[in-house]
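One letter stands for each residue in the lines below.
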Amino acid sequence: MPDKIKYTAATNTLIVGEDTPIARAGRIEQVPPAVWEYTVGGGVPVVRKWFSYRQQNRCQKKGALALDDINPTRWTAQFDDELLALLNVLGRCALLWNHARLTYSNAFAPVLLSQLRTSNAKAFSPWTAPAAGLRARPNRTVHQR
C-alpha cells in the first residue's frame, strides 16, 4: 500500500508509492504541473488531499470519527480509475481557469492601460474588482461612465 505521492516536474511524472525490491512505484506520465498544483478552498492541494484519504497511515485530526479509523489495506484498481479521473477533471479545470483568466484580462486591459496612463491609479490585478465607474456591456468592450 503506497504511503507517499510525489511529482517530478522535470519529467511531468506523478509517482505513487516508492520503489522497493519487490515492486516499483506507480507512475503516471504527462501530468501537467497545473494539475499537480491545482488547489481549492484557499490553497488545499487537490491531488495530495485525495491521496491522503487513501494512504495506509493517515494523519488524523483530534476528535476524528470512529469511521476514520477504517483505512484501506491495499491499493485497488478502483483507486487507479479514481486517480486518473481526478487528474483528467483537474486538467480540464486548469484549462478553463486559464482561459477565464486570459479572457477577463483581455476584456479589461484597454481600459486599465488608459487609466494607468492618465491618472495616479494604483496597480490593478485582474483578479480584484474593477475600479468604480467601470461597467461591462455584453458583447462590447468595457467603457467608462
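All of these numbers come straight from a predicted model, not from anything done at the bench.

(A) Here's a closer look at the packing of aromatic side chains. Scanning all chains against the criterion turns up four aromatic pairs. Centre to centre, the rings of Phe-51 and Trp-75 are 6.1 Å apart; their planes meet at 40°, and the pair counts as tilted. Separated by 24 residues along the polypeptide, Phe-51 in helix 2 (residues 46-52) and Trp-75 in the loop between helix 2 and helix 3 (77-118) bring together distant segments of the chain. With centroids separated by 5.1 Å and ring planes inclined at 65°, the aromatic side chains of Trp-75 and Phe-79 adopt a geometry described as edge-to-face. Phe-79 sits in the buried class, given a relative accessible area of 12%. Three or more aromatic residues joined by ring pairs form one cluster here, namely Trp-50, Phe-51, Trp-75 and Phe-79.

(B) The side chain of Arg-54, seen in detail. Structurally, Arg-54 is set in the loop between helix 2 and helix 3. What makes Arg-54 buried here is its relative accessible area of 18%. Reaching out from Arg-54, the side chain makes a polar contact with the side chain of Glu-82 at a distance of 3.1 Å.

(C) Summary view of unusual backbone geometry. Notably, Asn-12 is not glycine yet its phi reads approximately 55°, a positive angle. Take Asn-12: it is sitting in the loop between strand 1 (5-8) and strand 2 (13-16). For Gln-30, which is not glycine, the phi torsion reads 60° and is therefore positive. Along the chain, Gln-30 turns up in the loop between strand 3 (26-28) and helix 1 (33-36). Given a relative accessible area of 72%, Gln-30 falls into the exposed group.

(D) Geometry of the pattern of salt bridges. The tally for this structure, following the rule as stated, stands at three salt bridges. When the shortest N-O distance is used, the salt bridge between Glu-18 and Lys-4 registers 3.4 Å. Of this pair, Glu-18 sits in the loop between strand 2 and strand 3 while Lys-4 sits in the segment before strand 1, and the two are 14 residues apart along the sequence. Taking the shortest distance from any N to any O, the salt bridge between Arg-54 and Glu-82 comes out at 3.1 Å. Within this pair, whereas Arg-54 is found in the loop between helix 2 and helix 3, its partner Glu-82 is found in helix 3, the two being separated by 28 residues in sequence.

(E) Quick look at the pairing of strand 1. Across the two faces of strand 1 the burial differs, with Ile-5 and Tyr-7 buried and Lys-6 and Thr-8 not buried at all. As paired elements, strand 1 and strand 2 share four bridges and run antiparallel to each other. Each residue of the ladder has a partner; that of Tyr-7, found in strand 2, is Leu-14. The loop that links strand 1 with its antiparallel partner strand 2 comprises four residues; one of these, Asn-12, has a positive phi angle of about 55°.

The rules behind each value
Residues numbered from 1 in each chain as written. Predicted model: local features only at pLDDT ≥ 70, side-chain atom pairs only at ≥ 80, totals over all residues. Heavy atoms only, no water. Phe/Tyr/Trp six-rings, centres within 6.5 Å; stacked < 30°, edge-to-face > 60°. Helix = DSSP H or I, 4+ residues; strand = E, 2+ residues; numbered from the N terminus. Buried < 20%, exposed > 50% of the residue type's maximum accessible area, 1.4 Å probe, protein only. Polar contact = N/O pair within 3.5 Å; in protein donor to acceptor, adjacent residues only side chain to side chain. Salt bridge = Lys/Arg side-chain N within 4 Å of Asp/Glu carboxyl O. Pairing = 2+ DSSP bridges.

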